[in-house]
Amino acid sequence: MIARMLTRVLLFLLLVFVYLSAYSQKYSLEKSSVSFFSGAPIENISAQNLKTSSLFNATSGEVVFSIPIREFKFGKSLMGEHFNEKYMESDRYPKAIFQGKFLNLDLDDKGEQNVRALGKLTMHGVTREIDVTGIVEISSNQILARANFFIRLKDYKIKIPQLLWNNISEEVKVTVEFTYKPI
Amino acid sequence: MRLIAFCFFLIPGICLSQEDLLKELQQSEVKEKEYVSSTFKGSRLINGQTIETRYKGELEFIFAHRFGPMNGGLYELYGLDQAYVRIGLEYGLSDRLGVGIGRNSVDKTVDGFLRYKALRQSKAGMPISLTAFGIMAVKTSPKDEDAGYDITFQDRTSYTAQLLIARKFTPALSLQLMPSYVHKNTVDQSIEDNDQIALGVGGRIKVSRSVALTTEYYYRFNVHDNNPYYNSIGFGVDIETGGHVFQIVITNSRGLTERAFITETTGEFFDGDIHLGFNVTRIFQLKRDQKE
């Protein structure tokens, strides 16, 4: 009898625990900026994207984001058209997607902290593991995350025509800034 | 009881996975209308126009050039001894409205034109893009005193209106129809009408990211039996590098205004009256894109 009750209590506790973790606090983006910069002898190329969407599960540390490639704005419209048409082939690969996890995030630590994000970045039809170090700032009603990292175009099979090679560098610097708010 | 508890245990376990977080994200995303871009690489297909307009604040400089006919033989260095040039500018007043001017050495023609992209092909929406194009061209040759009659500005002037209808079927294949109406104020009515109707068809196939093959043909409807002109036909290769588009073409037309190539093409393509030519465009961004 006691054993049976104990089992029930244990199961109940397990249930509560699991539910708590599943229906944990999630965050979505209030504001975002993904930009990249590519320095080259002839012309520096930079673009910014304000249309990223993202979800962050604070309890598990899991984070996903989706960047619509067409929303990168260059200042020069033709550059944007070539970016979509020739390099990113955004007709076929409309989005860049990251699925990963913050490794050492401490939600109780208000203020700035260094975190590592580990996960898969899918872009131009290629999925690769990436490991990004960034800064997360936690305040009572929002979470700020920002990071800089480099992407090698070759890794994602983004080919540069010979005629343009010195116009575009092999590596681009990506800067992301996300402001999350609880859902 | 245990079984039920176990099931409860499973459900949130599934919910926890990253795939699910991604799915949740994708469901929450709003679908924005996506317009199809880069139906053609340039504003010109071969001799005629494409549906493409310049973006707002862009200035396109176009240098187009046709050699003489290839059947001129070695004496004419297969046409290279002659050259017909059109120099032109086009400016994007908005992403849809463009205005341009040009001057063609054939008949020393000066032209001014407007184009407006009325419909834009979009994904899962509008199936075609439609651009209305209107051009006024003035022959400044011959000189008043050489005309042999009392020639007026009206006599020198002609107008062309076109509807350019295109669809990008795949990223590589785009096709275009060009119903065209040409009005010439003064013609030799024994061989042609003042008002002429033609239908153009054309297209491009991309063979690599920067290179495409193009073709264009204009069929004229109300042609007199003794009309000495031919329908305009052309084939080309587009090569794009950054802000430049190079178009290498062969065509039986030498004129580069609509009046000249739609209604006054002098060469018979299949008889060797083939002109080699180039269109070279350079785009300058005069105003930064405000969307940034």
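Residues numbered from 1 in each chain as written. Chains lettered and ligands numbered in written order. Predicted model: local features only at pLDDT ≥ 70, side-chain atom pairs only at ≥ 80, totals over all residues.

Enquirer: How should the overall build of chain B be read in this particular structure?
Expert: Secondary structure assignment for chain B yields four helices and 12 strands. Over its C-alpha atoms chain B spans a radius of gyration of 25 Å, topping by over 25% the 19 Å that the globule rule assigns to 292 residues. C-alpha atoms of chain B, sized along the principal axes, occupy 110 × 40 × 40 Å. Per-residue burial over chain B gives 39% buried out of 292 residues. In chain B, the proportion of contacts linking residues at least 24 apart, taken out of those at least 6 apart, comes to 58%. (Helix = DSSP H or I, 4+ residues; strand = E, 2+ residues; numbered from the N terminus. Rg over C-alpha atoms; globule rule 2.2 N^0.38 Å. Buried ≥ 20, exposed ≤ 12 C-beta atoms within 10 Å, placed from the backbone. Contact = placed C-beta atoms within 7 Å.)

Enquirer: How should I be thinking about the overall build of chain A in this particular structure?
Expert: Check the secondary structure of chain A and you find two helices and nine strands. For chain A, the succession of helices and strands along the chain, N to C, is α-β-β-β-β-α-β-β-β-β-β. When the 183 residues of chain A are sorted by exposure, 23% land in the buried category. For chain A, the share of sequence-separated contacts (at least 6 apart) that also reach a separation of at least 24 residues comes to 55%.

Enquirer: What is the right way to read the pairing of strand β3 (residues 53-57) of chain A from this model?
Expert: Within a regular beta strand, the side chains point alternately toward one face of the sheet and then the other, so they alternate between its two faces. All names here are of chain A. Counting buried positions over the five residues of β3 gives four, a clear majority of the element. Both strand β1 (residues 26-38) and β3 contribute to a ladder of three bridges, which runs antiparallel. The residue of β3 that forms the bridge with K26 is N57. Between the end of β3 and the start of strand β4 (residues 62-68), which pair antiparallel, lie four residues, with G61 showing a positive phi angle near 85 degrees. (Pairing = 2+ DSSP bridges.)

Enquirer: Would you explain the nonpolar core in this entry?
Expert: The biggest cluster of nonpolar side chains holds 30 residues, and the ones touching the most others in it are L55(A), F56(A), V63(A), V64(A), F65(A), F74(A) and F83(A). Those elements giving two or more residues to this core turn out to be β1, β3, β4, α2 (77-87), β5 (95-102), β6 (111-123) and β9 (171-182) of chain A together with α2 (18-28) of chain B. Here the element with the most residues in this core is β4(A); it accounts for four residues. Residues within four places of L55(A) in sequence aside, it is in contact with K26(A), S28(A), V64(A), L21(B), E24(B) and L25(B). Counting 11 residues, the second-largest nonpolar core is a separate cluster that includes I62(B), A64(B), Y218(B) and I262(B). (Core = buried A, V, L, I, M, F, W, Y, C linked by C-beta atoms within 7 Å.)

Enquirer: Honestly, the confidence of the model for chain B in this entry has me stumped. Any pointers?
Expert: Where the model shows low pLDDT, its predicted coordinates should not be examined in detail. For chain B, the mean per-residue pLDDT works out to 90, and 92% of the residues sit at or above 70. In the predicted complex, the global pTM is 0.81; the interface-specific ipTM is 0.75. (pLDDT = per-residue confidence, 0-100.)

Enquirer: Looking at this structure, I do not really get the environment of E43(A). What am I missing?
Expert: All names here are of chain A. For E43, the location among the structural elements is in the loop between β1 and β2 (45-49). According to the C-beta neighbour criterion, E43 is partly exposed, with 15 such atoms within 10 Å. Remark: the alpha-carbon pair of E43 and E112, spanning 69 residues in sequence, is separated by 35 Å.

Enquirer: How should the pairing of strand β6 (residues 157-168) of chain B be read in this particular structure?
Expert: All names here are of chain B. Only one face of β6 is covered, namely the face carrying S158, T160, Q162, L164, A166 and K168; the face carrying T157, Y159, A161, L163, I165 and R167 is uncovered. Of the strand pairs in this sheet, strand β5 (residues 129-139) and β6 are connected by 10 bridges, and their pairing is antiparallel. Paired with A132 across the bridge in β6 is L163. Between β6 and strand β7 (residues 173-184), which pair antiparallel one after the other, the connecting turn spans four residues.

Enquirer: Where do I start with α2(A) in this structure?
Expert: Because the α-helix completes a turn every 3.6 residues, residues three or four places apart line up on one side. Taken as a whole, α2(A) has its buried residues at S77(A), M79(A), G80(A), H82(A) and F83(A). Against β2 of chain A together with β1 (58-69) of chain B lie the buried residues of α2(A). Positive phi shows up at E89(A), right after α2(A), with a value of about 45 degrees.

Enquirer: Help me understand the sheet that holds β7(B), please; the structure alone is not making it clear to me.
Expert: Residue and element names in this part refer to chain B. Strand order in the closed barrel formed by 12 strands is β1-β2-β3-β4-β5-β6-β7-β8-β9-β10-β11-β12, with antiparallel pairing between adjacent strands. This sheet shows a mean twist of 20 degrees between the axes of neighbouring strands, independent of strand direction. Summarising the sheet, strand β3 (residues 97-104) and strand β4 (residues 109-119) pair through eight bridges and their orientation is antiparallel. Directly across from V99, in β4, lies its bridge partner L114. (Axes fitted to C-alpha atoms, helices over the stretch in contact; angles between N-to-C directions.)

Enquirer: What should I look at first to understand the environment of I160(A) in this one?
Expert: Residues and elements named next belong to chain A. Mapped onto the secondary structure, I160 falls in the loop between β8 (143-152) and β9. For I160, a count of 17 C-beta atoms within 10 Å translates into the label partly exposed. In sequence terms I160 and Y87 are 73 residues apart; their C-alpha atoms lie 7.3 Å from each other.

Enquirer: Teacher, can you tell me more about unusual backbone geometry here?
Expert: Glycine aside, residues mostly have negative phi angles, and peptide bonds mostly take the trans form. A cis amide bond links S141(B) to the next residue, P142(B), at an omega of 0 degrees. Among the structural elements, P142(B) can be located in the loop between β5 and α3 (153-156). Notably, H124(A) is not glycine yet its phi reads approximately 55 degrees, a positive angle. Here H124(A) falls in the partly exposed class, since 18 other C-beta atoms lie within 10 Å of it. Of note, S38(B) is a non-glycine position whose phi angle comes to about 55 degrees, a positive value.

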